[in-house]
Structure formats: C-alpha cells, structure tokens
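Each chain is listed here by its residues.
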Amino acid sequence: MLASLLVRNIEFYGVEIPAVWLGFGVIIILYLIFKRRSYRWHDFVVLGVLFLSWFAVLYQLLAVFLFNYTPGSYNELDFIFPCIFDYRVHRGWMEDGVYSATYYFYSNFLVSLAVFVTVLVFFVRRHIALKKQRNAG
C-alpha cells in the first residue's frame with residue numbers, strides 16, 4: 001500500500017500481482033521439496049484458498065493491466081481499503097469526454113486475514129498438544 005502512494009496504482013499493481021504469483025510458485029516448490037514427509041491436509045487447503053483468491057483478482061484486473069492505455073484517454077486505478085478497486089477511464093477524444101467507473105472486488109486482504117487466523121489456530125492447537133505430551137512424558 002505504501003509503494004502504491006509513490007507511483008500510479010495501475011503501474012504498481014501491474015507489477016505487484018505477477019510478482020506475488022512468482023512468489024507463490026517459489027514457495028510451493030520449496031514447500032514440496034523440504035516438507036516431503038510432513039504434509040497435512042490443511043496445508044493444501046490454505047495454499048489453494050490463497051491461490052484462488054489471487055487468481056480471481058488477477059482475472060478481474062487482467063484487462064486493466066493489458067489494455068490500460070488508449071490514445072486520448074486517461075486511466076486511473078485506486079485501492080479502497082480493505083477490498084475494492086475503483087477503475088476509472090476518461091476518454092477526452094470523445095465529445096464532452098466520456099468518464100466511466102468500474103469497481104472490482106479485491107478479496108486478498110479478507111482471505112489473507114482468514115488464512116492467518118486459521119493457521120494461527122492450528123499452530124496454537126499443535127503447540128498445546130506438544131506441551132501436554134512433554135508434561136505427560
């Protein structure tokens with residue numbers, strides 16, 4: 001969010017979302033290599049939910065990133081915290097200029113918050129179970 005204050009949001013998110021996809025790829029590959037024998041069912045659910053959330057946002061905004069410039073037009077993408085993108089286009093080459101606005105749902109914040117809480121609950125439950133085993137043994 002801080003970086004998006006320094007440059008136009010449309011340029012920032014056009015780089016940020018593909019970078020996150022690359023990060024997901026690296027994390028998944030490293031996870032599959034290093035945790036070969038200790039997979040849990042919820043690991044794949046968590047990764048799948050995060051993946052689907054980022055894919056949904058990329059799918060919605062793909063046209064904005066690929067076709068964001070037409071000669072004589074000005075495009076603007078604003079992030080409205082916590083989960084809305086406001087995309088506006090002003091076409092000055094048309095009579096009186098045509099202004100249109102489209103809103104896109106940005107699910108990543110809410111999904112990431114839900115995943116964080118879920119993983120924290122699993123971590124605490126596992127930590128309590130390990131503590132009970134140590135005290136019993």
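The following paragraphs examine the structure supplied in this document. (Residues numbered from 1 in each chain as written. Predicted model: local features only at pLDDT ≥ 70, side-chain atom pairs only at ≥ 80, totals over all residues. Heavy atoms only, no water.)

It is worth spelling out the pattern of salt bridges at this point. Counted according to the given criterion, the structure contains two salt bridges. The partner of Arg 88 in a salt bridge is Asp 78, and the shortest N-O contact between them spans 2.5 Å. Within this pair, whereas Arg 88 is found in strand E2 (residues 84-91), its partner Asp 78 is found in strand E1 (residues 73-80), the two being separated by ten residues in sequence. For Arg 88, a relative accessible area of 15% corresponds to the buried category. (Salt bridge = Lys/Arg side-chain N within 4 Å of Asp/Glu carboxyl O. Helix = DSSP H or I, 4+ residues; strand = E, 2+ residues; numbered from the N terminus. Buried < 20%, exposed > 50% of the residue type's maximum accessible area, 1.4 Å probe, protein only.)

Before going further, it helps to examine the packing of aromatic side chains. Applying the stated criterion to the full structure yields two aromatic pairs. Aromatic pair Phe 85 and Tyr 106: ring centres 5.1 Å apart, planes at 80°, arrangement edge-to-face. Highlighted residues: Phe 85 in strand E2 and Tyr 106 in the loop between strand E3 (98-105) and helix H4 (108-136), separated in sequence by 21 residues. (Phe/Tyr/Trp six-rings, centres within 6.5 Å; stacked < 30°, edge-to-face > 60°.)

For the rest of this paragraph, the subject is the pairing of E2. Note that E1 and E2 share eight bridges and pair antiparallel. If you follow Phe 79 over to E2, its bridge partner there is Phe 85. Hairpin connection from E1 to E2: three residues lie between these consecutive antiparallel strands. (Pairing = 2+ DSSP bridges.)

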